[in-house]
Amino acid sequence: MMAGPLHGPGQPAGPRAPLTAEQREALSGPIVTLPTVADTRALGTRLAALLRAGDLIVLTGPLGAGKTALVQGIGAGLGVSGAVVSPTFVIARVHRGPLPLVHVDAYRLGSLAEVDDLDLDVDTADAVTVVEWGAGLVEQLADARLEVSIARAADSEERTARLMPHGGDWAARVAALAEQAG
Ligand SMILES: Nc1ncnc2c1ncn2[C@@H]1O[C@H](COP(=O)(O)OP(=O)(O)O)[C@@H](O)[C@H]1O
Ligand SMILES: [Mg+2]
């Protein structure tokens, strides 16, 4: 039997047609290439310039991806006090500054609701909260947030960061950031 035109080569297979790379990017946000740890920190510093009180940023990616490195850049950009390090023994650390930074390592946290139970001596409405999160748990978060998903290459130092805006005016801020990153 001859293949009809609907099944011919080059015909999109209806709703299951794979998205082009461009379409995927438009849906889930731009990707920034980060050749070195300095580039990752620089991205954080540029991001810091766009931040406001009450913002939530969720970082996903495997251990060693560079989530804490990104937070170090954010901390530098915000001009907060205290070294940003992996919060190994504490779940959250507050860094003082004009706009305080709440740095949370949620690997051992069951849900973000628990952040409110941590009894931090800062109100997250007056601060920027950055959460290092185990991948796969973010879906339960409903609030406006920027999600940054960092992936690492097997054979080089290079990382890629996907900037995924969720609600609020994050799409506009991500567009501004991606433009700078060129
Ligand atoms: N391009 C890069 N971006 C970020 N970190 C990098 C990069 N290349 C190498 N590194 C190294 O990878 C490690 C990342 O560690 P860290 O930021 O603590 O990761 P995570 O918080 O995701 O577990 C650091 O030792 C850093 O120097
Ligand atoms: Mg970390």
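This one's a predicted model, so the numbers in the text were calculated from it and none came from an experiment. One numbering rule holds for all chains: residues counted from 1, following each sequence as written. Whichever chain is written first becomes A and whichever ligand is written first becomes 1, with later ones labelled in order. Totals for whole chains, interfaces and linings use all residues, but because this is a predicted model, local features are given only for residues with pLDDT of at least 70 and pairs of side-chain atoms are given and counted only at 80 or more.

### Notes on the overall build of the protein
Part 1 of the reasoning: The numbering of helices and of strands both runs from the N terminus, where a helix is a DSSP run of H or I of at least 4 residues and a strand a run of E of at least 2. Helix and strand counts for the protein come out as 5 helices and 7 strands.
Part 2 of the reasoning: Going through the 182 residues of the protein one by one, you find that 35% of them count as buried.
Part 3 of the reasoning: Distance between backbone-placed C-beta atoms decides contact: two residues are in contact if it is within 7 Å. Within the protein, contacts between residues separated by at least 24 positions form 66% of all contacts whose residues are at least 6 apart in sequence. Backbone-placed C-beta atoms define the burial measure: a residue is buried with 20 or more other C-beta atoms within 10 Å of its own, exposed with 12 or fewer, and partly exposed in between.

### Focus on the pairing of strand β1 (residues 31-34)
Part 1 of the reasoning: Only one face of β1 is covered, namely the one carrying Val32 and Leu34; the face carrying Ile31 and Thr33 has none of its residues buried.
Part 2 of the reasoning: Where β1 lies against strand β7 (residues 159-166), 4 bridges are found, and the strand directions are antiparallel. When the bridges of β7 are listed, Ile31 appears paired with Arg162. Any two strands with at least two DSSP bridges between them are considered paired.

### Looking at the sheet that holds strand β6 (residues 145-152)
Part 1 of the reasoning: The 7 strands are arranged β1-β7-β6-β2-β5-β4-β3 in an open sheet whose pairing can be described as mixed. The open sheet has two edge strands with one neighbour each: β1 and β3 (92-95). Between one strand and the next, the sheet's axes are offset by a mean angle of 20°, whatever the strand orientation.
Part 2 of the reasoning: Pairing geometry for strand β4 (residues 101-105) and strand β5 (residues 128-133), over 5 bridges, is parallel. Along β5, the bridge assignment pairs Asp105 with Glu132.
Part 3 of the reasoning: The strands touched by helix α3 (residues 67-78) within the sheet are β2 (56-60), β3, β4, β5 and β6, with β5 carrying the most contacts at an inclination of about 170°. Note on geometry: axes are C-alpha line fits, over the in-contact stretch for helices, and angles between N-to-C directions span 0 to 180 degrees.

### A few points about helix α2 (residues 37-48)
Part 1 of the reasoning: Helix length check: α2, at 12 residues, gives a terminal C-alpha distance of 17 Å against a target of 16 Å (1.5 Å per residue), a fit within 8%.
Part 2 of the reasoning: Within α2, burial applies to Asp39, Thr40, Arg41, Leu43, Gly44 and Leu47. Here the expected length of a helix is defined as 1.5 Å per residue gap, with one fewer gap than residues.

### Side note on the confidence of the model for the protein
Part 1 of the reasoning: Every residue carries a pLDDT, the predictor's confidence in it, which falls somewhere between 0 and 100. Averaged over every residue, the pLDDT of the protein is 82; residues scoring 70 or more account for 72%.
Part 2 of the reasoning: Element-level mean pLDDT values for the protein span from 63 in helix α4 (residues 113-116) up to 98 in α2.
Part 3 of the reasoning: A low-confidence stretch, residues 1-8 stays under pLDDT 50, and its non-local contacts, those more than four residues away or across chains, total 2 contacts.

### Points about the site of ligand 1
Part 1 of the reasoning: Ligand 1 sits among 18 residues. The nearest are Thr40, Gly66, Lys67, Thr68 and Ala69.
Part 2 of the reasoning: Those elements that provide at least two residues to the shell around ligand 1 are α2 and α3.
Part 3 of the reasoning: By the convention adopted, Pro, Cys, Tyr, Trp, Phe, Met, Ile, Leu, Val and Ala count as nonpolar, Lys, Arg, Asp and Glu as charged, and the other residues, Gly among them, as polar. For the shell around ligand 1, the per-class residue count stands at 5 nonpolar, 7 polar and 6 charged. We call a residue near a molecule or strand when its C-beta atom, built from the backbone, sits within 6 Å of it.

### What to know about the packing of α2 against α3
Part 1 of the reasoning: At a closest axis distance of 6 Å, the pairing of α2 and α3 adopts a crossing angle of 45°. Judged on the interaxial angle alone, α3 and α2 are oblique. For the pair α2 and α3, the crossing hand works out as right-handed. Seen from α2, the contacting residues are Val37, Thr40, Arg41, Ala42, Leu43, Gly44, Thr45, Leu47 and Ala48; seen from α3, they are Ala69, Leu70, Val71, Gln72, Gly73, Ile74, Ala76, Gly77 and Leu78.
Part 2 of the reasoning: Classifying every residue of the contact of α2 with α3 gives 11 nonpolar, 6 polar and 1 charged. Should an angle lie under 35 degrees it is considered roughly parallel, over 145 roughly antiparallel, and from 65 to 115 roughly perpendicular; all remaining angles are considered oblique. In this scheme the handedness of a crossing depends on how the near helix is turned from the far one: anticlockwise by less than a right angle means left-handed, clockwise means right-handed.

### What about the nonpolar core?
Part 1 of the reasoning: When buried Ala, Val, Leu, Ile, Met, Phe, Trp, Tyr and Cys residues are joined through C-beta atoms within 7 Å, the set is termed a nonpolar core. Within the largest apolar cluster, 35 residues are counted, with the highest numbers of intra-cluster contacts made by Leu59, Leu101, Val130 and Val148.
Part 2 of the reasoning: Every residue in contact with Leu101, bar those within four places of it in the chain, is listed here: Ile74, Gly75, Leu78, Val80, His95, Ala127, Val128 and Val130.

### Describing the environment of Ser81
Part 1 of the reasoning: Assignment of secondary structure puts Ser81 in the loop between α3 and β3.
Part 2 of the reasoning: Among the residues examined, Ser81 registers 12 C-beta atoms within 10 Å and is labelled exposed.
Part 3 of the reasoning: Between the C-alpha atoms of Ser81 and Val94, which are 13 residues apart in sequence, the distance is 9.1 Å.
Part 4 of the reasoning: Apart from residues lying up to four places away in sequence, Ser81 is in contact with His95, Arg96 and Gly97.

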